[in-house]
Amino acid sequence: MLKQHSRFFKNLMLLSDVVFVSLAWWFAYLLRFHTDLFSAPEPYLFRDYLLAWLLILLVWAVVFELLDLYRPRRISSRWSETVDIVKGSGLALLIFLGVIFLLRDIILSRIVVILFWIFSVALLNLSHVAVREGLRFLRSKGYNLRRILVIGSPVQAQHLVHKLTWHRHLGLRVVGVYLTSEVVCNDLPEGVAILKSE
């Protein structure tokens, strides 16, 4: 069940990334060729941008998968995920430009490529924050939980249990405590079973 949930959320984030990367690409294209924000556009072929878009979807999906950007991040910070997205997007851009250089048949505007990278990093960050915050909200309401057993001395166990109870958004529910000593540990949340070593 946990693997099924993990796979579902992973696929959800991958689909979200594909959508936002696509939005970033076509928004950059529209700004360059269909607005007056920049100087008169150079001649271009729509076919080149369509093929580049398909290549972008492939490269970004493969790079993000290889860098494991869709792994569970219950205890990692938003900043660490932002750094990972910037690194992944930078690597994907380098691979994309390398492939375009080798193909030589696809000619793209540098302005479109630069705008696309900026927009994609911003949109991917917003997308990941929205999904992660949605998961945190669900966990705080009792959904998508992982049940755990805490093992340790009464003082250590009590401290950790209260810490996990306070941070309910992590989605870690303590179902039992295995005590390594005979000292009584009474200050535990309701529903947490106490086990003692023989």
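Residues numbered from 1 in each chain as written. Predicted model: local features only at pLDDT ≥ 70, side-chain atom pairs only at ≥ 80, totals over all residues. Heavy atoms only, no water.

Chemist: Teacher, can you tell me more about the environment of I100 here?
Modeler: Along the chain, I100 falls in helix 3 (residues 78–103). For the pair I100 and L55, spaced 45 residues apart in sequence, the C-alpha separation works out to 9.1 Å. Discounting chain neighbours no more than four positions away, the residues touching I100 are L55, I106 and L108. (Helix = DSSP H or I, 4+ residues; strand = E, 2+ residues; numbered from the N terminus. Contact = heavy atoms within 4.5 Å.)

Chemist: It is not clear to me how unusual backbone geometry should be interpreted in this structure. Could you clarify?
Modeler: Most peptide bonds take the trans configuration, and most residues that are not glycine carry a negative phi. Of note, the phi angle at D68 is positive, near 60°, even though the residue is not glycine. For D68, the location among the structural elements is in the loop between helix 2 (46–66) and helix 3. Residue D68 is classed as partly exposed on the basis of its relative accessible area of 38%. For R104, which is not a glycine, the phi torsion comes out positive at approximately 65°. Of the residues examined, R104 reaches a relative accessible area of 60% and is grouped as exposed. (Buried < 20%, exposed > 50% of the residue type's maximum accessible area, 1.4 Å probe, protein only.)

Chemist: Before we go on, may I ask you to explain the packing of aromatic side chains in this structure?
Modeler: Geometry of an aromatic ring pair is reported as the spacing of the ring centres plus the angle between the planes. Applying the stated criterion to the full structure yields 17 aromatic pairs. An angle of 85° between the planes, with centres 5.9 Å apart, marks the rings of Y29 and Y44 as edge-to-face. With a gap of 15 residues between them, Y29 in helix 1 (residues 2–33) and Y44 in the loop between helix 1 and helix 2 connect regions that are remote in the sequence. Grouping aromatic residues by their ring pairs yields a cluster made of W25, W26, Y29, F33, Y44, F46, Y49, W53, W60, F96 and F116. (Phe/Tyr/Trp six-rings, centres within 6.5 Å; stacked < 30°, edge-to-face > 60°.)

Chemist: Just checking my understanding: could you explain a nonpolar patch on the surface for this structure?
Modeler: A cluster of nonpolar side chains, Y44, F46, L50, L51 and L54, forms an exposed patch at the surface whose accessible area comes to about 420 Å². On the accessibility criterion, L54 (46% relative accessible area) is partly exposed. (Patch = residues over 30% accessible without salt bridge, like charges linked within 9 Å, V, L, I, M, F, W, Y side chains within 5 Å. Areas by Shrake-Rupley, 256 points an atom, 1.4 Å probe, with all protein chains shown as cover. Salt bridge = Lys/Arg side-chain N within 4 Å of Asp/Glu carboxyl O.)

Chemist: Would you explain helix 2 in this entry?
Modeler: Because an α-helix completes one turn every 3.6 residues, residues spaced three or four positions apart along the sequence face the same direction. Relative to the 30 Å expected for 21 residues at 1.5 Å per residue, helix 2 spans 30 Å between its end C-alpha atoms, a close match to the ideal helical length. Of the positions making up helix 2, those classed as buried are D48, Y49, A52, L55, I56, L57, V59, W60, V63 and F64. Following helix 2 by one or two positions, D68 adopts a phi angle in the positive range, close to 60°. (Expected span 1.5 Å × (residues − 1).)

Chemist: I would appreciate a short explanation of the nonpolar core in the present structure.
Modeler: Among the nonpolar cores identified, the biggest contains 32 residues, and W25, W60, F96, L108 and F116 are the most heavily contacted of them. Every element with two or more residues in this core is listed here: helix 1, helix 2, helix 3 and helix 4 (110–140). Counting residues per element, this core draws most heavily on helix 2, which supplies 9 residues. Those residues in contact with W60 that sit more than four places away from it in its chain are V21, S89, A92, L93, F96, F116, W117 and L124. By size, the runner-up hydrophobic cluster in this structure holds 5 residues, among which are A157, V161, V174 and V177. (Core = buried A, V, L, I, M, F, W, Y, C linked by side-chain atoms within 4.5 Å.)

Chemist: I'm lost on the packing of helix 2 against helix 3 in this one. Help?
Modeler: Axis angle and axis distance: for two packed helices, these are the angle between their axes and the distance between the axes, and together they describe the pair. With their axes 9 Å apart at the nearest point, helix 2 and helix 3 run at an angle of 135° to one another. The angle between the axes of helix 2 and helix 3 places the two elements in the oblique class. Every pair of crossing elements has a handedness; the one defined by helix 2 and helix 3 is right-handed. Contact residues: helix 2 offers A52, L55, I56, V59, W60, V63 and F64, while helix 3 offers I85, G88, S89, L91, A92, L93, I95, F96, V99 and I100. Along the lines of polarity and charge, the residues of the contact of helix 2 with helix 3 split into 15 nonpolar, 2 polar and no charged. (Axes fitted to C-alpha atoms, helices over the stretch in contact; angles between N-to-C directions. Parallel < 35°, antiparallel > 145°, perpendicular 65-115°, else oblique. Left-handed = near helix turned anticlockwise from the far one by under 90°. Nonpolar A, V, L, I, M, F, W, Y, C, P; charged D, E, K, R; others polar.)

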